[in-house]
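Commentary on secondary and tertiary structure
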Amino acid sequence: MRFFWPRAESQIYEEAKGLVTKGYARSTVSFSGKRPHTTYRITAAGRRAVTTWLAEPPRPTSLECESLLRVFLADFATREQLEAALNQVRADAHSILDVGRVVGSEYLAGTAPFQDQLHVRALVLDFLSHHARMLLDWSDRTALVFEQWTDATTDRDALAARIVQTNLDAYPPEAAH
């Protein structure tokens, strides 16, 4: 879930403990040697709470990408700083794809945790895989633009206008909202 619901691990563990306190989950502690391992299971009250939450409209999609913010502020950055931002986008994409390769193979082999949820997990894998490939494509296109910026004869505004027009041309027809 870290690719689409980023939270610190400690926050997730605290949330799980809170669900137990509220009666939405039960916890069982087992040991691997001397190391404790806690397993959480949803309760009937927890299922009702999830059902209630799912009945509410979802919040709008949000995006947090510090690398994109750095590109947005490119006029204040050095070439090396911009390259570092693009390299981070590429690393993020490869991280998603690396996990997808493992998880996807496990699902196809029938050995994944939550194998019984393949029908929904496949949709999440599809979203994240397309997102990762988009990040790679965007970082490659952006790197090419940065290279053109170093050419003193490049008209940045004309280049930008072509990028905007190319994007507008690729938009799907307007849908009724």
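Refer to the structure above for everything that follows.
These lines cover the structure that appears in this document, whether it is placed above or below. (Residues numbered from 1 in each chain as written. Predicted model: local features only at pLDDT ≥ 70, side-chain atom pairs only at ≥ 80, totals over all residues. Heavy atoms only, no water.)

**Quick look at the overall build of the chain**
Helices and strands together make up the secondary structure of the chain, namely six helices and two strands. Reading the chain from its N end, one meets helices and strands in the order α-β-β-α-α-α-α-α. For a compact globule of 177 residues, the expected C-alpha radius of gyration is about 16 Å, and the chain comes in at 22 Å, more than 25% above that figure. The principal-axis extents of the C-alpha atoms in the chain amount to approximately 65 × 50 × 35 Å. Going through the 177 residues of the chain one by one, you find that 18% of them count as buried. For the chain, the exposed area adds up to about 14400 Å²; of that, 59% sits on carbon and sulfur atoms. Counting 20 positive and 22 negative side-chain charges, the chain places the centres of these two groups 13 Å from one another. (Helix = DSSP H or I, 4+ residues; strand = E, 2+ residues; numbered from the N terminus. Rg over C-alpha atoms; globule rule 2.2 N^0.38 Å. Buried < 20%, exposed > 50% of the residue type's maximum accessible area, 1.4 Å probe, protein only. Areas by Shrake-Rupley, 256 points an atom, 1.4 Å probe, with all protein chains shown as cover. Lys, Arg positive; Asp, Glu negative; His and termini not counted. Charge placed at Lys NZ, Arg CZ, Asp CG, Glu CD.)

**Observations concerning the pattern of salt bridges**
One pass over the structure, following the stated rule, counts five salt bridges. A salt bridge links Glu14 to Lys17, with the shortest nitrogen-to-oxygen separation between them at 3.5 Å. Here Glu14 pairs with Lys17, and both are found in helix α1 (residues 9-21), just three residues apart, close to one helical turn. Put simply, Arg101 and Asp98 hold a salt bridge, and the shortest N to O gap is 3.1 Å. One end of the pair is Arg101 and the other is Asp98, both in helix α4 (residues 79-109) and three residues apart, which spans about a single turn. (Salt bridge = Lys/Arg side-chain N within 4 Å of Asp/Glu carboxyl O.)

**Structural notes on the packing of α4 against helix α5 (residues 118-149)**
Close contact between α4 and α5 brings their axes to 9 Å; oriented N to C, the two are set at 155°. What the angle tells us is that α4 and α5 run roughly antiparallel. Taken as a pair, α4 and α5 cross one another with a handedness that is left-handed. By residue class, the composition of the contact of α4 with α5 is 16 nonpolar, seven polar and six charged. (Axes fitted to C-alpha atoms, helices over the stretch in contact; angles between N-to-C directions. Parallel < 35°, antiparallel > 145°, perpendicular 65-115°, else oblique. Left-handed = near helix turned anticlockwise from the far one by under 90°. Nonpolar A, V, L, I, M, F, W, Y, C, P; charged D, E, K, R; others polar.)

**A word on a nonpolar patch on the surface**
Residues Ile42, Val50, Trp53 and Leu54 make up a contiguous nonpolar surface patch of about 420 Å² in total accessible area. Turning to its location among the elements, Val50 is positioned in helix α2 (residues 44-55). By relative accessible area, which is 38% here, Val50 ends up partly exposed. (Patch = residues over 30% accessible without salt bridge, like charges linked within 9 Å, V, L, I, M, F, W, Y side chains within 5 Å.)

By themselves, these figures tell us nothing about what the structure is for.
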